[in-house]
Amino acid sequence: MKRLATGFALFALTACSETTIPVEFRNVQVSFATQSPSVPLALNMAPAEPQLAALDDTLISGSDTLILESIEIVLREIELERIDGNCDDNLDDDACQEFEAGPYLVSLPIGTGVEREFELDVPPGTYSEIEFDIHKVEDDPADVIFLQSHPAFAGLSIRATGAFNGQSFLFESELGVEQELDLIPSLVVEEGSGSINITVLVEVDSWFRDLDGNLLDPETANKGGDNESLVNDNIKDSFEAFEDDDRDGDP
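Residues numbered from 1 in each chain as written. Predicted model: local features only at pLDDT ≥ 70, side-chain atom pairs only at ≥ 80, totals over all residues. Heavy atoms only, no water.

Some remarks on a negative patch on the surface
Note the cut-off: Two joining distances apply to patches: 9 Å for like charges and 5 Å for nonpolar side chains (Val, Leu, Ile, Met, Phe, Trp, Tyr), and every residue must have over 30% relative accessible area and no salt bridge. Residue burial considers only the protein chains on display, and all accessible areas are found by Shrake-Rupley using a 1.4 Å probe. Here, a salt bridge means any Lys or Arg side-chain nitrogen found within 4 Å of an Asp or Glu carboxyl oxygen. Charge assignment in this entry is limited to Lys and Arg as positive and Asp and Glu as negative, and neither His nor the chain termini are counted. Every charge is mapped onto a representative atom, which is NZ of Lys, CZ of Arg, CG of Asp or CD of Glu. In this text, helices come from DSSP runs of H or I with a minimum length of four residues, and strands from runs of E with a minimum of two, each type numbered from the N-terminal end.
A surface patch of negative charge is lined by Glu-77, Glu-178, Glu-180 and Asp-182. Looking at the negative patch, the element that brings in the most residues is strand 10 (residues 177–189), giving 3 residues. Relative to the elements of secondary structure, Asp-182 occurs in strand 10.

In structure tokens form, the structure reads like this:
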């Protein structure tokens, strides 16, 4: 499975007075996982618990089997929101408190494990949220550059491949939505602090399921399909984030 291994120095810090005070930026890594070791994949969907089984990339519900091979998501405007900024009230909060960049392609790890995707250079402070857009690639200048390397994502934000009941599938989504994930407790970045990691946990086992927890054919959730809206809602609800300095995928 293709993985993105790139470091990004992302920052937008607005000075709040004419005096420039040197700031010691700290490195914050942003990683992604799809399974938490403390919550086995087979137990994530309580309504159908007795029927479920799972082995890393495989989901089984009743007579249905879903195998996930790859999941790729386009993200944009990756931001950390600071709650302790001292900027002038007349300044724009976004300029004072957040970091952003993109679009970037994130290949989610299938099965257990945590994959580092971004590195942010962050000034000391307390941060309450990580925010980003699940981004439909269109035709603005940044997207045009992105498409030169990833032409299959024209008009798309998510692609997933695998097999459902032995038949290969390709799932493609145009979902465009801002995700605002609370960091509880808040992330405290201090001068001289050691390695800091935020893990974004994406519970992909919940994506292709109906309201009773039964598995769905992912191709029925493609554009115009009967389950398009249901799966898009499942995707939006599948994200959480937390500080995870040992990078074990566990809050």
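Quick look at the packing of aromatic side chains
Rules: In this analysis, rings of Phe, Tyr and Trp, with Trp reduced to its six-membered ring, are considered paired at centre separations within 6.5 Å, and the interplanar angle assigns stacked below 30 degrees, edge-to-face beyond 60, and tilted for intermediate values. Think of it in three bands: residues with accessible area under 20% of the maximum for their type are buried, residues over 50% are exposed, and the middle band is partly exposed, with areas taken using a 1.4 Å probe on protein chains only.
The final tally for this structure, using the stated rule, is 7 aromatic pairs. Aromatic side chains Phe-32 and Phe-118 sit 6.3 Å apart centroid to centroid with 70° between the ring planes, which places their arrangement in the edge-to-face category. Residue Phe-32 is located in strand 1 (residues 26–33), and its partner Phe-118 is located in strand 6 (residues 114–122); the two are separated by 86 residues in the primary sequence. Judged by its relative accessible area of 2%, Phe-32 falls in the buried class.

Here we look at the sheet that holds strand 1
The test is simple: A pair of strands is treated as paired once DSSP finds two or more bridges between them. What counts as an axis is a line fitted to C-alpha atoms, over the stretch in contact for a helix, and the angles between N-to-C directions run from 0 to 180 degrees.
In spatial order, the strands read 6-1-11-12; together these 4 strands make up an open sheet with mixed pairing. If you trace the sheet from one side to the other, it starts and ends with strand 6 and strand 12 (239–243), each paired once. Going from strand to strand, the sheet's axes swing by 20° on average, the running direction of each strand aside. Here strand 1 runs beside strand 11 (residues 196–202); their pairing, made up of 6 bridges, is parallel. Within the sheet, the bridge partner assigned to Val-30 lies in strand 11 and is Ile-198.

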